Amino acid sequence: MFERNIAYFCAPALAGIKPGNLVSLQKADFPDVHDRISRLNETLGKVGICADILCECEKRVLLFVYRPILLESYLERADIRKLLSRYGYDPDFTLTRKIAHLKERMTEKDFPHEIGAFLGYPTEDIKGFIRYHGKGCVLCGEWKVYGDPAKAKVLFARYKKCRKALLSRVEEGKSLVQIFCAA
């Protein structure tokens with residue numbers, strides 16, 4: 001069930017077609033969640049996939065699964081750098097420091113909606129969500145779209161196809177390690 005949750009919610013990041021995904025894991029379902037995440041990092045880290053706890057409370061863990069190379073490249077885009085600078089992300093921050101700053105922001109009163117940048121969302125959609133407080137989007141799918149709905153629909157379909165293919169392999173009994181670490 002752990003790997004199925006990771007596969008379902010993080011398929012696009014695992015497959016390398018998106019820099020990152022989030023999954024919320026209930027500690028009641030996975031009392032050994034920290035050990036599982038450590039094992040995931042040990043094995044999938046060999047193929048450039050990382051899992052990092054962004055925040056946790058008594059009941060759950062919010063896990064960020066990402067491809068560091070893709071994420072770093074996305075966060076270095078001029079439009080994304082400009083957006084993130086408004087929220088205290090220094091352009092000279094390393095990827096590790098950017099993620100640490102996001103974790104710090106997760107502890108603040110207001111949710112850090114710039115997290116969309118870490119998930120590979122288009123800049124206009126992140127800005128729109130922040131500006132309009134999540135209302136008035138032109139399309140709602142993997143995220144709320146304020147920019148180009150046609151482009152978003154294509155991405156949503158790609159993510160859905162990826163998720164379906166990965167889940168199919170997991171349900172056949174393959175582990176994430178077998179799927180992504182095959183020689």
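Small disclaimer: the values here were computed from a predicted structure and weren't measured.

Trainee: Now, about the overall build of the chain: what can you tell me, with residues and values included?
Mentor: What the chain contains, in helices and strands, is nine helices and five strands. Over its C-alpha atoms the chain spans a radius of gyration of 16 Å, differing by no more than 12% from the 16 Å that the globule rule assigns to 183 residues. Expressed along its principal axes, the backbone C-alpha trace of the chain runs to roughly 45 × 35 × 30 Å. Relative to its full complement of 183 residues, the chain shows a buried share of 42%. Contacts spanning at least 24 positions in sequence make up 52% of the contacts within the chain whose residues lie at least 6 apart. Of the roughly 10,000 Å² of accessible surface on the chain, 53% is carried by carbon and sulfur atoms. Charge separation in the chain, taken as the distance between the mean sites of 31 positive and 23 negative side-chain charges, equals 6 Å.

Trainee: Which residues make up the packing of helix α1 (residues 2-15) against helix α8 (residues 149-171), and what are the values?
Mentor: For the pair α1 and α8, the least separation of the axes is 8 Å and the interaxial angle reads 130 degrees. Considering the angle they form, α1 stands oblique to α8. Taken as a pair, α1 and α8 cross one another with a handedness that is right-handed. Between α1 and α8, the residues in contact are Arg4, Ala7, Tyr8, Phe9, Ala11, Pro12, Leu14 and Ala15 and Tyr159, Cys162, Arg163, Leu166, Leu167, Val170 and Glu171, respectively. Looking at the contact of α1 with α8 residue by residue, the class counts come to twelve nonpolar, no polar and three charged.

Analysis parameters
- Every residue gets a number counted from 1 within its own chain, in the order that chain's sequence is written.
- With the structure being a predicted model, the display of local features is reserved for residues of pLDDT at least 70 and the display and counting of side-chain atom pairs for 80 or more, all residues being used for whole-chain, interface and lining totals.
- Only hydrogens and water are removed before side-chain values are computed, so all heavy atoms of the structure are retained for them.
- Only DSSP runs of H or I with at least four residues qualify as helices, and only runs of E with at least two residues qualify as strands; both kinds are numbered from the N terminus onward.
- Throughout, the radius of gyration refers to the C-alpha atoms, and the reference size of a globule is 2.2 Å times the residue count to the power 0.38.
- A 1.4 Å probe rolled over the protein chains alone gives each residue an accessible area, and that area as a share of the maximum for its type sets the label: buried under 20%, exposed over 50%, partly exposed in between.
- Contact definition: two residues touch when any of their heavy atoms are within 4.5 Å.
- Residue burial considers only the protein chains on display, and all accessible areas are found by Shrake-Rupley using a 1.4 Å probe.
- Counted as positive: Lys and Arg. Counted as negative: Asp and Glu. His and the chain ends are not counted at all.
- By convention, the charge on Lys lies at NZ, on Arg at CZ, on Asp at CG and on Glu at CD.
- Axis definition: a line fitted to C-alpha atoms, limited for helices to the stretch in contact. Angles are taken between N-to-C directions and run from 0 to 180 degrees.
- Here is the rule for angles: anything less than 35 degrees is roughly parallel, anything more than 145 is roughly antiparallel, 65 through 115 is roughly perpendicular, and the remaining ranges are oblique.
- When the near helix sits turned anticlockwise from the far one by under a right angle, the crossing is termed left-handed; a clockwise turn instead gives a right-handed crossing.
- Throughout, the ten residues Ala, Val, Leu, Ile, Met, Phe, Trp, Tyr, Cys and Pro are labelled nonpolar, Asp, Glu, Lys and Arg are labelled charged, and all others, Gly among them, are labelled polar.

As far as function goes, none of this settles anything; it's purely spatial.
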